[in-house]
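Descriptive structure summary
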Amino acid sequence: VTGKSCFVNAQETYLANYPDYENDIVNPFIANGSGERLHVSKAKITFTANEAGQIYYAVADSGAEAPTIDTSGTGVPCAIGENTFTIDNLTGREAKDVYVQVKDGDGNVSKILTIAVEYAEEQPVERIIDVPADSWYFEDVAFVMQRGIFKGASATMFYPGKSITRGQFITILDRTDDIADTQEGTTVPTKFNDVNGKAYYASHVAWGVENGIVNGVSATSFAPNAKITRQDMAVMIYRYAEVMEIDLPDGSGETPYADDAAIADYAKTAVYSMKVAGIINGTNNNRFAPTDFATRAEAAAIMHRLIEYAEND
C-alpha cells in the first residue's frame, strides 16, 4: 500500500524533492509536517503517514547540519493518518529543525521529513518560580497566562495550591471575553456592599451579574474573597457558555457520581455537562466533591480545557 490515494497533494510536493519515490511501493510515506513551540524546552510535532510503525527523530538548530537518525530500538508509535508527538528536551530558544522518519513493521524506513519549529519567545510563566516545568499543571498555567486571562499572584509567584476566590474566578472567566479589569482611577458601581468599585474585579462582577452568570450570596453581598466551590465553578462556566453560545453537551444521561446526592440541585445540570465535555472532571473513586474548593492550578486547567473546547466547538 502506497497511500497515494490518501495523500495526493502532499505527495506531489514530496515527489518534487524525491522523484524516485514514484516507483517506491515498499517504504512508508510521511508528509504534511508542522511544528509548534509550546515553550522553551517543548514542541508539538504533527505529520501524516500512510503506514503504521515507529517514529524516530533527531533535532538540530535551524540551518545546522542534519543529524543522523537512529532507527534502532523502539520509537514513538505511529498510526496511519495524522500523528502527533511531543519533544520535551529542547535546549535554547533558537529555532529548531526536527528530522523525522518512520519505520514500518517490516523494517522499511521512510524518507526523512524535516519539520521547522519556531524560535521560543519568553512566556509569562517562565518568570514564575513556583510552577515547575514538570508539574501536571505547567502547560495549563502557561496557556492561561499567555492568553492574559490569568496572572501571577506576584511577579514571580502563582501559588498553584491556593484556593481561588469568587472574585478571582469571575475575573478570569470574564477575561476570556476580553473584558478589561477595572481601570485605575475609575469606579464601577455594583449593588453589592462588599465589592469595592475600584477593585480590579469590580468590572467583572458587574458584567457577570448583568449577564446572569453569577449571583450574589445575598441581595447586597457578593463575597468576592470567599473560596469558590467546584459545583459553583461548574454553574458559572455553564451559564457563561450559554451567554457566549458555546454548545455544551447534555449530561442528563451520564452515569451519576458516587456523591451525586451531595451535589446541589441547581448545579447538577452544569456538573454533568462539564463531565461529558471533559472540562471539569471528577476526583477519585467516581466522586465530584461538589463542595470542595478549587485551587488556582485546578482553575487554570479547567479554563484551558474550556477555551480549547470553545475554540473547537
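So, here is what we can say about the structure in this document. (Residues numbered from 1 in each chain as written. Predicted model: local features only at pLDDT ≥ 70, side-chain atom pairs only at ≥ 80, totals over all residues. Heavy atoms only, no water.)

Right, let's talk about the side chain of Q101 for a bit. Tracing the backbone shows Q101 in strand β6 (residues 96–103). Side-chain polar atoms of Q101 contact the backbone oxygen of S110, separated by 2.9 Å. Once residues within four sequence positions are removed from consideration, Q101 is found in contact with I30, Q54, I55, Y56, I69, T71, V109, S110, K111 and I112. (Helix = DSSP H or I, 4+ residues; strand = E, 2+ residues; numbered from the N terminus. Polar contact = N/O pair within 3.5 Å; in protein donor to acceptor, adjacent residues only side chain to side chain. Contact = heavy atoms within 4.5 Å.)

This next bit is on the side chain of T295. With respect to the helices and strands, T295 occurs in the loop between α6 (265–277) and α7 (296–311). For T295, a relative accessible area of 18% puts it in the buried group. If near-sequence neighbours (up to four positions away) are discounted, T295 is found in contact with P160, G161, K162, S163 and I164. (Buried < 20%, exposed > 50% of the residue type's maximum accessible area, 1.4 Å probe, protein only.)

Between helix α5 (residues 230–243) and α7, the least distance of the axes is 12 Å, while the angle of their chain directions is 25°. One way to sum up the angle between α5 and α7 is to call them roughly parallel. The handedness of the crossing between α5 and α7 comes out as right-handed. Listed contacts from α7 to M233, I237 and Y240 of α5 are A299, I302 and L306. By residue class, the composition of the contact of α5 with α7 is six nonpolar, no polar and no charged. (Axes fitted to C-alpha atoms, helices over the stretch in contact; angles between N-to-C directions. Parallel < 35°, antiparallel > 145°, perpendicular 65-115°, else oblique. Left-handed = near helix turned anticlockwise from the far one by under 90°. Nonpolar A, V, L, I, M, F, W, Y, C, P; charged D, E, K, R; others polar.)

With antiparallel pairing, the four strands of this open sheet are ordered in space as β4-β3-β6-β7. Only two strands of the sheet have a single partner each, and these edge strands are β4 (76–78) and β7 (113–117). Direction aside, the axes of adjacent strands within the sheet are offset by 35° on average. Examined bridge by bridge, β6 and β7 share five bridges and lie antiparallel to one another. What sits directly across from Y99, in β7, is T114. (Pairing = 2+ DSSP bridges.)

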